[in-house]
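# Breakdown of the fold
Chain residues, written in single-letter form:
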Protein chains: 2
Amino acid sequence: MIKIGIVGYGNLGKGVELAIAKQPDMEVFGVFTKRNKENVQTQGSIVYHYDELLDYKEQIDVLVLCGSSERDLRLQSPELAKNFNLVDSFDMHAIILDHVNTVDKVALTNNTTAIVSAGWDPGIFSLQKTIMDAILTDGETLSFWGPGISQGHSDVAGRVEGVKMARNYSIPNEDNLKKFKKGKSIDAKNNHHKICYVVVEDDNERNRIEKEIKNIPHYFKGSSTTVKFISKEEMEKDHSNWPQGGRIIRTAKTSDDNNHIIEFTVNLDSNPEFTSSVMVAYARATYKMHQRKEYGAFTALDVRGQDLSNKSREQLIKEML
Amino acid sequence: MIKIGIVGYGNLGKGVELAIAKQPDMEVFGVFTKRNKENVQTQGSIVYHYDELLDYKEQIDVLVLCGSSERDLRLQSPELAKNFNLVDSFDMHAIILDHVNTVDKVALTNNTTAIVSAGWDPGIFSLQKTIMDAILTDGETLSFWGPGISQGHSDVAGRVEGVKMARNYSIPNEDNLKKFKKGKSIDAKNNHHKICYVVVEDDNERNRIEKEIKNIPHYFKGSSTTVKFISKEEMEKDHSNWPQGGRIIRTAKTSDDNNHIIEFTVNLDSNPEFTSSVMVAYARATYKMHQRKEYGAFTALDVRGQDLSNKSREQLIKEML
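Residues numbered from 1 in each chain as written. Chains lettered and ligands numbered in written order. Predicted model: local features only at pLDDT ≥ 70, side-chain atom pairs only at ≥ 80, totals over all residues. Heavy atoms only, no water.

## Side note on the relation of the copies chain A and chain B
- Superposition of chain A onto chain B requires a rotation of 180 degrees combined with a translation of 0.0 Å along the rotation axis, giving an RMSD of 0.0 Å. On the angle and the small slide along the axis, the relation comes out as a two-fold axis.
- The overlap is high: 100% of the interface residues of chain A also sit at the interface in chain B, so the same surface is used on both sides. (Least-squares fit on C-alpha atoms with pLDDT ≥ 70 in both. Contact = heavy atoms within 4.5 Å.)

Rendered as structure tokens:
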């Protein structure tokens, strides 16, 4: 059994615990938290304090880091790579290369293995884009997001005066999507539409609130948004999950007359539970690569498909090929 | 430049020549044919006879084998792996494991690298199924084929008396597809519908011909088929390409309430041109793996995403992650 240490127990950490329960060859060694241990209620995993991590170095095969990229992972991943194999889902796209290089140096020095930025984007989506681009060189790739919750937009809408709760959904523009597939030019600014569900304190304030939300700079202003007012009960009943979706489409030519479309689509009831399932599969790959003495920091682009699976090579060839 | 030898010059070989022209780091060394060299008209590549292959051993980096699985590849791949790195798209699913093992033995003995069964199915689709299965363990995967030409069905319909030309399309049943995505049970026998376009010698014979086609055992009998009679001109204008499509869908749970759907879809104007584009990307991976002294026979499941690409690791991290 591959023994996993879960570092952090928010939505992602909880998802990792659920995902490991569904994997036949993995088990949770424990959850490591910076909070007061007594306040962390898991689904059965033992809770340790973050400061105890080093005591269990020999008993943990791979750490799955479930903190925030900005607040935690930037420093945590290179620090923990001194003593542990690890997976993170570092998603600050502009500085991923720095992150890889920083962790790589530590991991190579200490003979550990790390797979970083291994969620769905960056992660699985990055792999799909790479494959599409390598196979069909003469084309264009586009990503569409949603339907799903965008947390940043929900947060800023929730801070408008008189708003009790807000959840903003990003919805892909299916017309643009169809046009792109047909090779027509599209205005990428209109690739997404927003629907913002809002619970207000005073129904008489609806007009002002709608106007204010639609004018929040950087987030809503200039984009196509519908504001829908609903009750607290509706909000709790219909909008308490974290659904998300995404689509990568490549259209390309192999000769003058022949066009091809490749698409990879996910529709997720729970963004954090899916991300954590991806991380757990990459934790298995981390373990296998470390067994083979492949040290350093890697990304989804460096990992063989079969290293994600618990099935033997023979079984995979029989079932998948 | 990576120098490619194309073995066989049918639809697939022609596609390889086109695909290499779009790759900045690869070039065709030559086409090797078992036919009379004078009868092979390429898009510019030099034509050699198959028997001359060994003379150019030192000048060719990777062979891309474009023959038939049954008639050629079963013996050709192990034979050529003695002296060359190679890619094939061996697609006799039931015996792929044997093929891998046979080629592996030769390649390991001779320090060559082979990637076999590297088309779209088996190949890219196999990789997608493996990734989906590894990430979301608690679910079900289904493949839908088409819309596209099925060659076997076209051939048997074309042999019915009074038929001049026939092209049969397989069309996925969108209702079943939607039901499967919603987690409902479906009758997989009805996952596909057939549309058979036929040119006949005598229009008075339509009824008999339609009945005969629909009753061809193994191919049409018992399945849902529409026969459409068209003119020779329509056939040549609208049905002279080899379009094909396919979709892999996995539906899975990460917890009691949360379902996820992952889909990978291709819609291809030309099945052989797409397959050959896949093979050319795997030829690049073959070259890179051989440079790293990774000898033996591999499949799409053993290959890192970045080995398919001509871009540097740094560039890929910046662009794709």
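## Here we look at the pattern of salt bridges
- Tallied over the full model, the rule gives 44 salt bridges over all chains.
- Here Asp-238 of chain A and Lys-237 of chain A are joined by a salt bridge, their closest N and O atoms 3.2 Å apart.
- Each of Asp-133 and Arg-250 of chain A together with Lys-311 and Glu-319 of chain B takes part in one network of salt bridges that share partners. (Salt bridge = Lys/Arg side-chain N within 4 Å of Asp/Glu carboxyl O.)

## Some words on the interface of chain A and chain B
- Counting residues at the interface gives 66 residues for chain A and 66 residues for chain B.
- With both sides pooled, the region where chain A packs onto chain B buries about 6000 Å², and carbon together with sulfur makes up 58% of that total.
- On the chain A side of the interface with chain B, the three residues burying the most area are Ile-135, Met-320 and Leu-321 of chain A, jointly 13% of the side's total.
- Our enumeration of links across chain A and chain B arrives at six salt bridges.
- With its nearest N and O atoms 3.0 Å apart, the salt bridge here joins Arg-313 of chain B to Asp-302 of chain A.
- Counting every contact that joins chain A to chain B gives 38 residue pairs in polar contact (both at pLDDT 80 or more).
- Breaking the side of chain A that touches chain B down by element, the ones donating at least two residues are helix 3 (96-110), helix 4 (124-135), strand 13 (259-268), helix 9 (271-291), strand 14 (296-298) and helix 10 (313-320) of chain A.
- Here the residues of the side of chain A that touches chain B sort into 28 nonpolar, 22 polar and 16 charged.
- Bridge count between strand 13 of chain A and strand 13 (residues 258-268) of chain B: nine bridges; the pairing is antiparallel. Bridge pairing in strand 13 of chain B places Ile-261 of chain A opposite Asn-267 of chain B. (Buried area = accessible area lost by both parts, 1.4 Å probe. Polar contact = N/O pair within 3.5 Å; in protein donor to acceptor, adjacent residues only side chain to side chain. Helix = DSSP H or I, 4+ residues; strand = E, 2+ residues; numbered from the N terminus. Nonpolar A, V, L, I, M, F, W, Y, C, P; charged D, E, K, R; others polar. Pairing = 2+ DSSP bridges.)

## As for the sheet that holds strand 10 (residues 192-200) of chain B
Residue and element names in this part refer to chain B.
- On the basis of which strands lie adjacent, the open sheet formed by four strands has the order 8-9-10-11 and mixed pairing. If you trace the sheet from one side to the other, it starts and ends with strand 8 (148-149) and strand 11 (225-229), each paired once.
- One ladder, built from nine bridges, connects strand 9 (residues 163-172) with strand 10; its direction is antiparallel. Along strand 10, the bridge assignment pairs Ser-170 with Lys-194.
- Seen against the sheet, helix 5 (residues 151-158) touches strand 8, strand 9 and strand 10 and runs at an angle of roughly 150 degrees to strand 9. (Axes fitted to C-alpha atoms, helices over the stretch in contact; angles between N-to-C directions.)

## Re the domain arrangement of chain A
Residues and elements named next belong to chain A.
- Domain parsing of chain A yields domain 1 (2-122 + 272-314) and domain 2 (124-269).
- For domain 1 versus domain 2, the distance between C-alpha centres works out to 29 Å.
- Taken together, the contact pairs eleven residues of domain 1 with 13 residues of domain 2.
- For the pair domain 1 and domain 2, the summed buried surface comes to about 1000 Å²; carbon and sulfur atoms form 72% of the total.
- The largest per-residue losses of area from domain 1 upon contact with domain 2 belong to Trp-120, Asp-121 and Leu-301, which jointly make up 54% of the total buried on that side.
- The tally of links between domain 1 and domain 2 comes to zero salt bridges.
- For the pair domain 1 and domain 2, the interface holds three residue pairs in polar contact (both at pLDDT 80 or more). (Domains from an automatic or database assignment.)

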